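# A structural walkthrough
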Amino acid sequence: MLRKHIILLCSISLAFSFVSCNKKSNEKEITLVMAEVNPPETLAGRTDQAFKEKVEELSGGKIKIDLQCSGILGDNSTVRKLITQPNSTIQISRQSTAGLVALGCDKYGLLSIPFTFSSREHFWNFANSETAKKLLLEPKEKGLNIIGLYYGEEGFRHLFSTKKLDSIQDFAGLTMRVTNDKALQAIAENLKMNGVQINFSDLYGAFQTGQVDVADQPLSNYLANKFNEVAPNIILDGHQLGIMETFITTESWDSLSEKQQAILQEAGKYASEFCRTISQEEEAEILKQIEDAGVYVSKVADITPYQDACEAFIKEASADNLDLYQEILSYAKK
């Protein structure tokens, strides 16, 4: 009797193995094109690569991520326009959350409000929360063609310039590169600068021609994009955290099986943790490289004057979603 049960179990096991192998062999291979404006050696580029490798590993190569870095597929604004249209040739994109505000995602604007995040730990407490998961769905709720997969961060953003910056008074009268991010525009205005919108891909040249005096980037992007060559002065004001979010088109997402969707979500968790670890480990090293490159680095002993200058904007920008903003602030204590 026992022998019969063993034979039966073996037969079921063999049959299941055959079906599983057969099913696996019939899985359709898919390729998802992923756009990245930054070079592959940047934190953003390396986080993208970690996501790509984990997706391909977990899917056994059945899902391939065609990662295109260095703005080959267009700047962030161009990619946002493409990816939110039906039948987009780009399926996945890593974007700053600030860029999505222009598309009507008002809640994302809370993440860009100056001095919202007091530390990296504060941000990651938020990023791993249920609040953050719900926020990933805002683009879909707004009727856009994208849904959020996972968060990342490029470190705090700092102001850099062709001129030395040692105090808040040094900014008056300078021209700052801004985007359509109202928070960045407010920073320029409140520090008494003139804002001018320039595509990221044109920023290096804009410094060369004198079109701008000031811009902002996380330290890793500042160095990787060689801005130290044209704007060799930086002040560590940390006005915003460079928050990243990776999106997929809803068309692509809906075409995936539940198993494939789970693979992308698992790879997203892996990429987020990779980003968190690398970002924390490398910032001190990158700052040393910046100093070794001859950049004049000014450290801010008291951030209060900068916060006070932006106070009116902070209140205005958070007014419509004040409860949610307070919830985001509360993760500093968890």
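In what follows, the accompanying structure is described. (Residues numbered from 1 in each chain as written. Predicted model: local features only at pLDDT ≥ 70, side-chain atom pairs only at ≥ 80, totals over all residues. Heavy atoms only, no water.)

Let's shift gears to unusual backbone geometry. Although it is not a glycine, Asn 87 adopts a positive phi angle of roughly 55°. Phi at Lys 192 takes a positive value of approximately 65°, unusual for a residue other than glycine. Its location among the elements puts Lys 192 in the loop between α8 (182-190) and β6 (194-197). (Helix = DSSP H or I, 4+ residues; strand = E, 2+ residues; numbered from the N terminus.)

For helix α2 (residues 43-58), built from 16 residues, the straight-helix expectation of 22 Å at 1.5 Å per residue is met to within 8% by its first-to-last C-alpha distance of 22 Å. Regarding α2, the residues found buried are Leu 43, Ala 44, Gly 45, Thr 47, Asp 48, Ala 50, Phe 51, Lys 52, Lys 54 and Val 55. With its phi angle positive at about 65°, Gly 60 sits one or two positions after the end of α2. (Expected span 1.5 Å × (residues − 1). Buried < 20%, exposed > 50% of the residue type's maximum accessible area, 1.4 Å probe, protein only.)

It is worth spelling out α8 at this point. Helical periodicity: at 3.6 residues per turn, an α-helix aligns residues three or four positions apart in one direction. Those residues of α8 that sit buried are Ala 183, Leu 184, Ala 186, Ile 187 and Ala 188. Contacts made by the buried residues of α8 are with α4 (109-112), β5 (175-178), β6, β7 (214-218), β8 (233-249) and α14 (311-318). Measuring from the backbone nitrogen of Ala 183 back to the side-chain oxygen at the start of α8 gives 3.0 Å, which picks out Asp 181 as the cap. Taken from the residues just after α8, Lys 192 is the one with a positive phi, measuring 65°. (Contact = heavy atoms within 4.5 Å. Polar contact = N/O pair within 3.5 Å; in protein donor to acceptor, adjacent residues only side chain to side chain.)

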